[in-house]
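Structural overview
The residues making up each chain are set out below.
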Amino acid sequence: MFDIDARKVLTMTYEEMVAIPHQLVRVKFDDGELLTGWRQTIYSWYLWEFHRQYPNTPLNMNHHIGNKRFTKGTTLTTGNKCLWSTYDAYVHTPEPIEVETLTELFYRINNRIFNETDRIEEYITTLSADDFIDILDHPKIQELNENVQPNPLSIGSVYKGITAVLKDEHELSRNWLAKAVKSDLVKIGQALQCVGPRGFLTDLDSHQFHTPILRSYAAGIYDAYGCAVESRSGAKSLIYNKELIKDTEYFNREMQLLCHPMSGLVHGDCGTTRTMPFNITDARQLKGLDGKYYVGEDGKLKTIHAWDKELIGKKVMLRAVNCCEVKHRGYVCSTCYGDLALSVPKSTNLGHVAATEVGGKITQRVLSNKHLDQSSLIEKISLDAFDSRFMQVMGKDGSKLGVADAIANRPITLTFARECTPYLADIKAVDEIPEHALPRYSQITQVTFNVLHESGNMESATVNVAVSSRIGYFTAAFLKHVKNVNWELTPEGNYEITLDGWDMKRPIFALPMKQMNMMDFKLEVEGMLKRSKAYPAGKNSPDLSNPQVMSDEIGALFDLLNKRIDANFAHVEVMIQATLIVSEEDRDYRIPHPWENRQFGRFTDIMRFRSISGALAYEKQADTLNNPVSYLVKERQSTSYDEYLRV
Ligand SMILES: [Zn+2]
């Protein structure tokens with residue numbers, strides 16, 4: 001072991017560094033001493049190019065990769081710390097450094113590390129079948145695999161147990177697959193498929209097969225059922241690769257065109273006093289809000305950090321994109337946008353950044369389905385406060401709905417649209433309700449509860465019985481009840497069924513055991529951003545001048561995206577902002593200022609009537625030019641494509 005000053009290491013050449021044999025070393029940094037290895041110090045030395053070029057940067061202990069296991073993220077995490085320390089050291093000097101200059105330097109450092117991996121050629125290794133067999137033979141893993149039961153709970157706990165063994169530094173320390181898991185070089189989900197139960201699989205239409213496969217890939221899937229079910233994974237990958245990728249990428253391009261009028265950032269503070277309330281409900285939301293500013297109770301501006309756990313469950317008054325008072329339409333100040341502004345390259349189109357950041361991640365998830373068709377665990381239904389006044393979740397797997405206890409002793413009728421149950425009359429003709437074909441009798445998204453309260457008041461409330469792509473259907477027991485009590489038709493032509501004689505402890509609705517697949521997910525995101533028929537737009541838009549309503553709208557997209565990808569709040573705000581128009585009636589499709597009227601615009605209208613250059617960059621150009629309305633739009637917003645139309 002020897003002692004050395006980190007600043008001395010900084011000035012050494014690579015040859016001088018490798019001349020010293022690997023050993024323990026005590027390195028003295030600006031903020032303390034670190035006992036570490038020489039090899040780790042050599043690796044950190046590459047990252048200290050920041051300090052060599054910008055000598056006023058402090059050289060701290062966290063600029064060293066440290067003694068933890070070297071993982072996929074080590075270089076990025078440590079390099080980031082070096083980068084931002086350098087930025088901070090110079091930001092308040094007469095000559096601050098552009099973030100882009102520093103990111104370019106980081107890129108060069110990374111490139112150098114990549115190029116010099118030939119120096120460690122002799123350490124490169126590979127996996128073999130033996131590594132998999134060794135893991136299967138590990139006593140703990142063997143025990144877990146032998147005792148797995150065909151239910152989600154047991155499979156989940158086996159996954160947990162195997163993960164714990166693979167990640168344990170003292171177990172399988174010479175096994176290359178286990179090493180790769182410990183170093184984050186392979187996805188744990190992929191490793192588990194290979195050495196643990198394959199689990200519950202889904203069909204092409206995302207319905208879950210009832211019986212799971214309990215063998216692993218490494219142990220081999222030999223039986224006819226396993227082979228048949230597993231073959232669906234390949235079929236899904238083929239479909240995802242061909243059709244879905246095409247679809248998502250086209251949608252991404254549409255989003256880029258839609259968001260393009262959100263042109264850019266103005267550094268500084270527009271000085272607005274407008275804020276948007278936002279309830280932070282969980283850690284995931286907090287992560288997405290990292291870097292946003294909010295106005296504290298003392299009226300001062302504060303930054304939200306992903307680690308500010310005390311903010312969970314609180315309502316904060318956000319500085320928001322839709323509140324920004326920058327004069328130019330489609331621009332936002334860096335204070336309303338948040339700290340993410342530091343990562344937006346200069347002269348970049350902000351809308352393009354938002355659309356590509358979000359869209360790129362969706363595509364990535366679609367692609368990764370090929371490599372990781374996970375054992376599916378289907379979420380339990382959760383009801384919101386309103387719906388739970390009328391219904392409660394029932395059933396072992398939480399996939400059924402029945403009448404809430406609070407109203408169970410009251411006279412109740414249910415009404416629902418006739419289209420939901422086109423074959424309801426058929427149940428009269430059958431003696432036995434066929435259990436396997438239940439969803440064919442009814443597909444119900446909404447139902448109205450008519451409850452006669454003790455006070456004599458009749459309350460009618462419409463509640464949802466569908467969760468994303470999972471549409472509710474009547475249970476066999478309830479259909480039997482319907483067969484007995486018959487139904488009435490309301491003046492509107494809807495079915496009405498009384499619950500007299502119905503056992504309130506039994507579920508009325510069941511939801512299919514179906515996973516929200518990436519196609520469903522993309523369609524939902526698309527519906528929300530393009531304002532498909534399910535979402536009101538134009539003069540029927542919700543009251544967007546109410547900050548809470550605006551917050552709910554942005555929150556809905558934010559939560560939806562975060563079900564599948566990590567989306568940053570600022571990107572979501574920019575995307576929603578791009579869907580806003582001043583007035584459909586006045587044919588004013590410009591992005592509104594916060595003091596103007598605000599409505600949601602439908603996608604095709606926005607594309608056609610916002611900017612003619614945007615419309616011509618899209619599709620159906622002839623329609624745009626032939627449509628007389630195109631010539632009645634007086635107020636058009638300029639976009640970055642206008643340059644191409646000027647002569
Ligand atoms: Zn602003």
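Residues numbered from 1 in each chain as written. Predicted model: local features only at pLDDT ≥ 70, side-chain atom pairs only at ≥ 80, totals over all residues.

A look at the sheet that holds strand β18 (residues 488-489)
Pairing in this open sheet of five strands is antiparallel, and the strands run β14-β13-β12-β19-β18 from one edge to the other. Lying at the two open borders of the sheet, with one neighbouring strand each, are β14 (458-464) and β18. Two elements, strand β12 (residues 412-416) and strand β19 (residues 495-498), share four bridges in a ladder whose sense is antiparallel. When the sheet's bridge partners are listed, Leu-414 is paired in β19 with Ile-497. (Pairing = 2+ DSSP bridges. Helix = DSSP H or I, 4+ residues; strand = E, 2+ residues; numbered from the N terminus.)

With respect to the pairing of strand β13 (residues 446-452)
Where burial is concerned, the two faces of β13 differ: the one with Val-447, Phe-449 and Val-451 is buried and the one with Gln-446, Thr-448, Asn-450 and Leu-452 is not. Judged from the four bridges that link them, β12 and β13 form a sheet pairing that is antiparallel. Looking at β13, one finds that Ile-412 is bridged to Val-451. Sheet topology places β13 next to β14; seven bridges connect them, and they run antiparallel. By the bridge assignment, Phe-449 is partnered in β14 with Ala-461. Where β13 hands over to β14, the hairpin turn is made up of five residues, of which Gly-456 adopts a positive phi near 95 degrees. (Buried ≥ 20, exposed ≤ 12 C-beta atoms within 10 Å, placed from the backbone.)

A look at the domain arrangement of the protein
Split by domain assignment, the protein resolves into domain 1 (2-123), domain 2 (129-233), domain 3 (264-364 + 517-645) and domain 4 (387-510). Here domain 2 and domain 3 have C-alpha centroids that lie 42 Å from each other. (Domains from an automatic or database assignment.)

Looking at the environment of Asn-349
Take Asn-349: it is sitting in the loop between α14 (334-337) and α15 (350-368). Along the sequence, Asn-349 and Gly-330 sit 19 residues apart, while their C-alpha atoms lie 10.0 Å from each other.

Some points on helix α17 (residues 476-485)
For α17, every residue scored as buried is listed here: Phe-478, Leu-479, His-481 and Val-482. Each buried residue of α17 lies within a common arc of 155 degrees when the element is viewed along its axis, so the set occupies one face. Taken together, the buried residues of α17 touch α16 (438-441), β17 (473-474) and β19. Two residues or fewer past α17, Asn-486 is found with a positive phi of approximately 65 degrees. (Arc of directions from axis to C-beta. Contact = placed C-beta atoms within 7 Å.)

Quick notes on the sheet that holds strand β1 (residues 2-5)
Sheet architecture is open: three strands sit in the order β1-β2-β3, paired in mixed fashion. Each edge of the open sheet is held by one strand with a lone partner, namely β1 and β3 (32-37). Mean inter-strand twist for the sheet, computed between neighbouring axes without regard to direction, equals 25 degrees. (Axes fitted to C-alpha atoms, helices over the stretch in contact; angles between N-to-C directions.)

Details of the pairing of strand β11 (residues 400-403)
Two elements, strand β10 (residues 391-394) and β11, share four bridges in a ladder whose sense is antiparallel. Across the sheet, residue Val-393 finds its bridge partner in β11, namely Leu-401. Between β10 and the antiparallel strand that follows it, β11, lie five residues; Gly-395 among them carries a positive phi value of about 90 degrees. Note that β11 and strand β20 (residues 509-510) share two bridges and pair antiparallel.

Re the packing of helix α12 (residues 224-259) against helix α18 (residues 518-530)
Pairs of packed helices are described in terms of their axes, by the angle between the two and the distance that separates them. Relative to each other, α12 and α18 sit at 20 degrees, their axes nearing to 11 Å. By the angle between their axes, α12 is roughly parallel relative to α18. α12 and α18 meet at a crossing whose hand is left-handed. In contact with Leu-244, Thr-248, Phe-251 and Met-255 of α12, α18 contributes Met-518, Met-519, Lys-522, Glu-526 and Leu-529. Here the contact of α12 with α18 is composed, by residue class, of six nonpolar, one polar and two charged. (Parallel < 35°, antiparallel > 145°, perpendicular 65-115°, else oblique. Left-handed = near helix turned anticlockwise from the far one by under 90°. Nonpolar A, V, L, I, M, F, W, Y, C, P; charged D, E, K, R; others polar.)

Things to note about helix α11 (residues 188-195)
Turning to α11, its buried residues are Leu-192, Gln-193 and Val-195. Where the residues of α11 are buried, they touch α7 (129-137), α8 (139-146) and α9 (152-167).

Some points on unusual backbone geometry
For Leu-172, which is not a glycine, the phi torsion comes out positive at approximately 50 degrees. Relative to the helices and strands, Leu-172 resides in the loop between α9 and α10 (176-182). The class of Leu-172 is buried, set by 21 C-beta atoms lying within 10 Å. Positive phi, close to 50 degrees, is recorded for Arg-587, a residue that is not glycine. Within the secondary structure, Arg-587 sits in the loop between β21 (580-581) and β22 (599-600). The exposure class assigned to Arg-587 is partly exposed, which follows from the 17 C-beta atoms found within 10 Å.

Some details on the nonpolar core
Among the nonpolar cores identified, the biggest contains 63 residues, and Cys-259, Val-332, Val-572, Val-574 and Met-575 are the most heavily contacted of them. In this structure, Val-574 is in contact with Cys-259, Met-262, Val-321, Leu-350, Gly-351 and Ala-354, ignoring residues within four places of it in sequence. Judged by nonpolar contacts, the second largest core, of 28 residues, contains Ile-412, Phe-478, Val-482 and Ile-497. (Core = buried A, V, L, I, M, F, W, Y, C linked by C-beta atoms within 7 Å.)

Examining the environment of Phe-70
Considering the arrangement of structural elements, one finds Phe-70 in the loop between α4 (49-53) and α5 (74-91). Phe-70 sits 157 residues away from Cys-227 along the chain, and the two C-alpha atoms are 38 Å apart. For Phe-70, the residues in contact, after removing those within four places along its chain, are Ile-65 and Ser-183.

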